[in-house]
Amino acid sequence: MQTATTLDMLRNVLAGLRSGGGSVALVPTMGALHEGHLTLVREARKACDHVVASIFVNPTQFGPNEDLDAYPRQLVEDSKILEAEGVALLWAPGVEAMYPAGCATSIRVNGVSDNFCGAARPGHFEGVATVVCKLFNQVMPDKAFFGEKDYQQLAVIRAMARDLNLACPHARDIVGVPTVRESDGLAMSSRNRYLSPEDRTNAAALPRAMQAAVAAIEAGGNVGETLDALERTLLESGFSSVDYAALADAQSMAPIASYSSAPARLLVAARIGGARLIDNLPVDRTK
Ligand code: PAF
């Protein structure tokens with residue numbers, strides 16, 4: 001595996017990779033890799049000849065009181081993991097390579113970004129859309145792989161690629177990979193390491209309560225009442241607050257107050273101990 005830390009290095013290594021032909025996949029990450037990331041890499045390897053992984057803790061997607069400084073950074077360990085997974089190129093720019101002085105452009109995807117994490121974390125999705133668009137333009141991959149764990153993020157990135165007519169990758173080549181879960185159902189996340197052992201045990205209430213809510217909505221239960229019950233369960237199970245518990249259209253991310261049958265997503269963000277956990281599940285009465 002080769003590692004590039006500047007744009008010139010990245011372009012040289014990519015030119016070498018492409019000279020032999022074959023397709024290129026991009027797996028963007030912020031590092032602190034876990035099994036969820038490795039699943040993205042494995043899917044990317046199945047789909048394309050060369051896999052490029054990026055590790056960049058993107059400051060523009062963190063709010064002023066968020067965990068940018070505390071966010072785990074372990075480049076040496078991550079690099080060994082990616083090499084063992086057959087990644088051809090690790091793109092690990094510093095902040096100055098990604099945002100040179102004077103960088104003044106940002107991308108806002110209206111609508112899909114407005115609610116849920118967009119409302120709870122002002123500016124977050126502008127930071128994500130901007131850095132992902134830059135990563136796409138830097139690497140120009142044939143396909144890009146993202147976890148469905150960050151479902152609203154995936155919807156924002158797909159909408160951005162469609163609206164800006166991106167060619168590399170085309171919106172249809174942005175691949176969402178199902179969430180990888182621990183044995184008790186908790187979605188894997190780099191932020192799970194912020195949990196104390198007790199909070200980690202209690203955190204499993206989140207996927208359990210969400211599964212119960214999905215079953216209730218699919219069975220015709222009232223959406224508002226089901227979401228209220230979900231929030232109550234989380235607060236009784238050790239969560240200190242719930243940022244949101246909502247049902248949304250699976251593509252537009254528009255909130256749904258009364259469910260009929262269109263593919264939807266149950267989305268939750270809730271705080272326990274020092275961590276803000278997010279999760280989502282599909283809701284589909286036709287399945
Ligand atoms: O999901 C993440 O790890 C980040 O939001 C991403 C997509 C790498 C952009 O910084």
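Here, the structure is the one placed above.
The shown structure was predicted, so the numbers you read here are calculated from the model rather than taken from an experiment.

S.K.: I tried to follow the overall build of the protein on my own but got confused; where do I start?
M.R.: Scanning the protein for helices and strands turns up ten helices and nine strands. Relative to the 2.2 N^0.38 estimate, which gives 19 Å for 287 residues, the radius of gyration of the protein is 19 Å and therefore close to what a compact globule would have. Overall, the C-alpha framework of the protein stretches about 55 × 40 × 40 Å when taken along its three principal axes. A buried classification covers 53% of the 287 residues belonging to the protein. Long-range contacts, defined here as pairs at least 24 residues apart, represent 73% of the contacts in the protein between residues at least 6 apart. Only carbon and sulfur atoms are counted for the fraction: they give 51% of the accessible area of the protein, which is about 12,800 Å². Charged side chains in the protein number 26 positive and 32 negative. The centres of these two groups are separated by 3 Å.

S.K.: Explanation requested: the site of the ligand in the structure shown.
M.R.: Inspection of the region around the ligand gives Pro28, Thr29, Met30, Asn58, Gln61, Val131, Val132, Phe146, Asp150 and Gln153 as its neighbouring residues. A distance of 2.6 Å separates an oxygen atom of the ligand from a polar side-chain atom of glutamine 61. Contact distances for the ligand include 2.7 Å between an oxygen atom and a side-chain N or O atom of glutamine 153. Relative to its unbound accessible area of 290 Å², the ligand is 88% covered by the protein chains. Looking at the shell around the ligand residue by residue, the class counts come to five nonpolar, four polar and one charged.

S.K.: Is there a simple way to explain the nonpolar core in this structure?
M.R.: Side chains of nonpolar character tend, in soluble globular proteins, to be buried together. Membership of the largest hydrophobic core comes to 48 residues, with the highest contact counts inside it found for Val52, Phe136 and Met160. Of the residues forming this core, the biggest block, nine residues, is contributed by helix α6 (residues 124-139). Those residues in contact with methionine 160 that lie beyond four places of it in its chain are Ile107, Val109, Ala129, Val132, Cys133, Phe136 and Leu166. Of all hydrophobic cores here, the second largest spans 29 residues; its members include Leu186, Leu247, Ile272 and Leu277.

S.K.: Looking at this model, I keep getting lost on the pairing of strand β3 (residues 50-55). Mind explaining?
M.R.: Every regular strand shows the same layout, with side chains that alternate between the two sheet faces. Counting buried residues in β3 gives six out of six residues, a clear majority hidden from the surface. Pairing of strand β2 (residues 24-29) with β3 involves six bridges; the strand directions are parallel. Directly across from threonine 29, in β3, lies its bridge partner isoleucine 55. With helix α2 (residues 35-47) bridging β2 and its parallel neighbour β3, the resulting β-α-β unit is right-handed.

S.K.: What is the right way to read the state of the cysteines from this model?
M.R.: By definition, a disulfide is the covalent link that joins the sulfur atoms of two cysteine residues. Under the defined criterion, the tally for this structure stands at zero disulfides. Cysteine 168 carries a free sulfur, and the closest cysteine sulfur to it, the one in cysteine 133, is 12 Å from it. On the basis of relative accessible area, cysteine 168 is assigned to the partly exposed category, the value being 28%.

Analysis parameters
- Residues numbered from 1 in each chain as written.
- Predicted model: local features only at pLDDT ≥ 70, side-chain atom pairs only at ≥ 80, totals over all residues.
- Heavy atoms only, no water.
- Helix = DSSP H or I, 4+ residues; strand = E, 2+ residues; numbered from the N terminus.
- Rg over C-alpha atoms; globule rule 2.2 N^0.38 Å.
- Buried < 20%, exposed > 50% of the residue type's maximum accessible area, 1.4 Å probe, protein only.
- Contact = heavy atoms within 4.5 Å.
- Areas by Shrake-Rupley, 256 points an atom, 1.4 Å probe, with all protein chains shown as cover.
- Lys, Arg positive; Asp, Glu negative; His and termini not counted.
- Charge placed at Lys NZ, Arg CZ, Asp CG, Glu CD.
- Near = heavy atom within 4 Å.
- Polar contact = N/O pair within 3.5 Å; in protein donor to acceptor, adjacent residues only side chain to side chain.
- Nonpolar A, V, L, I, M, F, W, Y, C, P; charged D, E, K, R; others polar.
- Core = buried A, V, L, I, M, F, W, Y, C linked by side-chain atoms within 4.5 Å.
- Pairing = 2+ DSSP bridges.
- Right-handed = clockwise from strand over helix to strand, strands pointing away.
- Disulfide = S-S within 2.5 Å.

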